[in-house]
Amino acid sequence: MLATALTRMSRNGVSAALARTSAVVAHMSTSTQATPLEQPVLFESNGATRTYVLNRASKLNALNGDMLKSMRPQLEQWSKSDLCKIVVGTGIGRAFCAGGDIATVLQHSLHDATRSKAIEFFKDEFEMNYILSALPKPYVTILDGITMGGGVGLAISAPFRVATEKTKFAMPETKIGYCPDVGASFFLSRIDGEIGTYLALTSETLVGREVFELGFATHFVSSRTVPNLLTHLSDLEDPTSAMIDRTIEGHHTKRLQDEPVGKLTGRTRQALDTAFRHDTVEEIMEDLTKLASTSDDSVAKWASETLETLHIRSPTSLKVALEAVRRGKEMTLLQALQMEMGIATAYCSGASPDFTAGVTAVLVDKTKARPAWSPDQLNNVSDAIVKRFFEEDSDYLRAVPTLTPPDFLTNGKQNPMKFALPSEDAILQILSNVGKDPISLSDLLAHFNNIHSGKQGVAEKVVEVVKRRCDVIGNEGSEVVNWKEQS
């Protein structure tokens, strides 16, 4: 009763002291200050903002069923409230959200009597992902720490995704014999080049600024400025999206002169796009094998390490993940989530033993040894095995539920890329329109600076794309960009 009463007080904004300090509390680790409430999700009202705070610091804010069931009605209420101007998502401690509580889900999936609970968790999670994508209010997520799996699902549809130097971003599902979900087949298939395919298969982690530079975050600020940023957002009166963008931009942290560039740039990025463009994992591995013998030492090292990583991952997961990303490119978000609902149901229903082997090895036993995958080799994963996860007549999809988001959220309202850096396609489109006539680099930079209202990081993104995809001639300050036909 006491917990219920306290939750009701927080939801109604009665606790003024908590509201005044919400920005600071949400940013502090429980190791230095105890949280005012013990619920796994806190709901706070402060000026223009309504904030959910994931509050399972000891579990890196991993999502469980109770958290999802408490968040949905509150988000629906905020969606209809005239007092709510901005929805903010953040987390206590060193993670925004490290993913779902998959160990519990696995235990439920292993028994006929409880399997429906495992499937219900994924249904609740994927419906939450869609609700957040369709919020009628501006949505800001603070990725100040570990943001993986289910945490990415909470954040990725927000038009304002704020990364810091502490951000660790990944879709780590192939490590545990599962498949990227929470809309990954939709958003990974739409990111620049083949970066999404690479992340889906390898489960590699992006860190800090590169999360922003590669488009998974829209802004980059210093971790220590987050409390001040949240205060400024709550102080906005009748905020527009443009006002929110300017407020976050005002806290941008510029790159230091000695700060290393992202690892997925230049020749390594060219190699990545070449290798991961294929529609079969076998062809990807073949290209990586060739690249591992190239004369470019940095590319050869990257290709060798990537090959080693893929050999450790579940062969079945690799094929299912690639198929999902390719299919997801032609789907709406809701369609992609429904496809992923089928994949999750198939895993819970025993379509592959790798889900059990991976979760047990990685999350329960915490061993670094390669899990006992079955099939153990890529060439033994037949088309028939992959079809278990996708075909309507699959025995493993009989229990798949239909996602049912709220009726008042029929169309997605958020544009997750509106305030991000320009996409590679947008940059190349301008150059292709110019055709064979060269354009000065300064004119190109001025064009994108104007479109993006002086957004920090735009010039660096344009230069990186141009140098990698085009011919640039001339001295510094007078460079000319020549369009190069793309293969």
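Worth saying up front: this structure is predicted, and the values here are computed from it rather than measured.

### Brief notes about the overall build of the protein chain
Argument step 1. When helices and strands are tallied, the protein chain shows 22 helices and 13 strands.
Argument step 2. The C-alpha radius of gyration computed for the protein chain amounts to 23 Å, which stays within 12% of the reference 23 Å derived for 487 residues, consistent with globular compactness.
Argument step 3. Relative to its 487 residues, the protein chain shows a buried fraction of 55%.
Argument step 4. The contacts of the protein chain with a sequence gap of at least 6 include a subset with a gap of at least 24, amounting to 74%.
Argument step 5. Total accessible area on the protein chain is roughly 21400 Å²; 51% of this is exposed by carbon and sulfur atoms.

### Some points on the sheet that holds strand β8 (residues 168-170)
Argument step 1. One open sheet accounts for four strands, arranged β4-β6-β8-β9; its pairing is mixed. Here the strands that pair on one side only, and so sit at the sheet edges, are β4 (95-97) and β9 (206-207).

### Here we look at a nonpolar patch on the surface
Argument step 1. On the surface, Val362, Leu363 and Val364 cluster together into a nonpolar patch covering about 210 Å² of accessible area.
Argument step 2. With respect to the secondary-structure elements, valine 362 resides in helix α18 (residues 354-364).

### Describing the nonpolar core
Argument step 1. Counting residues in hydrophobic clusters, the biggest one holds 114 residues, and the most contacted among them are Tyr52, Leu154 and Phe216.
Argument step 2. Once you skip the residues sitting within four places of it in the chain, phenylalanine 216 turns out to touch Ile156, Arg161, Phe169, Leu188, Ile191, Ile195, Leu199, Leu206 and Val211.

### Side note on the UniProt feature "domain: Enoyl-CoA hydratase/isomerase" (unreviewed entry) in the protein chain
Argument step 1. UniProt marks residues 50-390 with the feature "domain: Enoyl-CoA hydratase/isomerase" (unreviewed entry), using the numbering shown here.
Argument step 2. When the span residues 50-390 is considered, its composition is 49% helix and 10% strand, and the gap between its end C-alpha atoms is 38 Å.

### Digging into helix α5 (residues 102-109)
For the α-helix, the turn length of 3.6 residues means that residues three or four positions removed from each other point alike.
Argument step 1. Every buried residue of α5 is listed here: Ile102, Val105, Leu106 and Ser109. Looking straight down α5, one finds its buried side chains confined to an arc of 100 degrees; they lie on one side.
Argument step 2. Lining the buried residues of α5 we find α6 (115-133), α17 (333-348) and α18.

### Examining the side chain of lysine 319
Argument step 1. Within the fold, lysine 319 resides in helix α16 (residues 315-328).
Argument step 2. Residue classification places lysine 319 among the buried residues on the basis of a relative accessible area of 14%.
Argument step 3. Setting aside anything within four residues of it in sequence, one finds lysine 319 in contact with Val281, Glu282, Leu378, Val381 and Val386.

### A word on the environment of glutamine 74
Argument step 1. In this fold, glutamine 74 is placed in helix α4 (residues 65-80).
Argument step 2. Classification of glutamine 74 as buried rests on a relative accessible area of 1%.

### Observations regarding α16
Argument step 1. For α16, with 14 residues, the first-to-last C-alpha span of 20 Å sits near the 20 Å given by 1.5 Å per residue.
Argument step 2. Across the 14 residues that make up α16, a large majority, eleven, are buried.
Argument step 3. Pro315, Thr316, Ser317, Leu318, Lys319, Val320, Ala321, Leu322, Ala324, Val325 and Gly328 are the residues of α16 that are buried.

### Some words on the pattern of salt bridges
Argument step 1. Tallying each qualifying case throughout the model produces 29 salt bridges.
Argument step 2. With a closest N to O distance of 2.9 Å, glutamate 249 and lysine 455 form a salt bridge. Of this pair, glutamate 249 sits in helix α12 (residues 241-249) while lysine 455 sits in the loop between α21 (441-451) and α22 (458-469), and the two are 206 residues apart along the sequence. Each member of the pair, glutamate 249 as well as lysine 455, carries the same accessibility label: buried.
Argument step 3. For arginine 269, the salt bridge is made with aspartate 273, and the minimal N-O distance between the two is 3.0 Å. Pair noted here: arginine 269 and aspartate 273 are both in helix α13 (residues 266-275), with a separation of four residues, about one helical turn.
Argument step 4. Three or more residues joined by partner-sharing salt bridges are found here, namely Arg269, Asp273, Glu424, Glu464, Arg468 and Arg469.

### Some remarks on the packing of aromatic side chains
Argument step 1. This structure, assessed with the given rule, holds twelve aromatic pairs.
Argument step 2. Through a chain of ring-to-ring contacts, the aromatic side chains of Phe121, Phe122, Phe126, Tyr178, Tyr347, Phe355 and Phe389 assemble into a single cluster.

### Remarks on the packing of helix α11 (residues 226-235) against α12
Argument step 1. It is at 10 Å that the axes of α11 and α12 come closest, and there the two elements cross at 155 degrees. Classed by the angle they form, the pair α11 and α12 counts as roughly antiparallel. You can see that α11 and α12 cross each other, and the crossing is right-handed. Here Leu229, His232 and Leu233 of α11 lie close against α12, whose contacting residues are Ile244, Thr247 and Ile248.

### As for the confidence of the model for the protein chain
Argument step 1. On average, residues of the protein chain score 90 in pLDDT, and 90% of them reach the 70 mark or higher.
Argument step 2. Taken as a whole, residues 1-35 scores under 50 in pLDDT and shows 48 contacts with residues more than four places along the chain or in a different chain.

### Overview of the pairing of strand β3 (residues 86-91)
Two faces belong to every sheet, and in a regular strand the side chains alternate between them.
Argument step 1. A large share of β3 lies buried, amounting to six of its six residues.
Argument step 2. Taking every second residue as pointing to the same face, both faces of β3 are buried, with Ile86, Val88 and Thr90 on one and Val87, Gly89 and Gly91 on the other.
Argument step 3. Bridge count between strand β2 (residues 49-54) and β3: six bridges; the pairing is parallel. The residue bridging threonine 49 from the neighbouring strand is isoleucine 86, located in β3.
Argument step 4. In this view, the connection linking β2 to its parallel neighbour β3 by way of α4 has right-handed handedness.
Argument step 5. Examined bridge by bridge, β3 and strand β5 (residues 139-143) share three bridges and lie parallel to one another.

The rules we used
Residues numbered from 1 in each chain as written. Predicted model: local features only at pLDDT ≥ 70, side-chain atom pairs only at ≥ 80, totals over all residues. Heavy atoms only, no water. Helix = DSSP H or I, 4+ residues; strand = E, 2+ residues; numbered from the N terminus. Rg over C-alpha atoms; globule rule 2.2 N^0.38 Å. Buried < 20%, exposed > 50% of the residue type's maximum accessible area, 1.4 Å probe, protein only. Contact = heavy atoms within 4.5 Å. Areas by Shrake-Rupley, 256 points an atom, 1.4 Å probe, with all protein chains shown as cover. Pairing = 2+ DSSP bridges. Patch = residues over 30% accessible without salt bridge, like charges linked within 9 Å, V, L, I, M, F, W, Y side chains within 5 Å. Salt bridge = Lys/Arg side-chain N within 4 Å of Asp/Glu carboxyl O. Core = buried A, V, L, I, M, F, W, Y, C linked by side-chain atoms within 4.5 Å. UniProt positions renumbered as here; feature names shortened; annotations may be inferred. Arc of directions from axis to C-beta. Expected span 1.5 Å × (residues − 1). Phe/Tyr/Trp six-rings, centres within 6.5 Å; stacked < 30°, edge-to-face > 60°. Axes fitted to C-alpha atoms, helices over the stretch in contact; angles between N-to-C directions. Parallel < 35°, antiparallel > 145°, perpendicular 65-115°, else oblique. Left-handed = near helix turned anticlockwise from the far one by under 90°. pLDDT = per-residue confidence, 0-100. Right-handed = clockwise from strand over helix to strand, strands pointing away.

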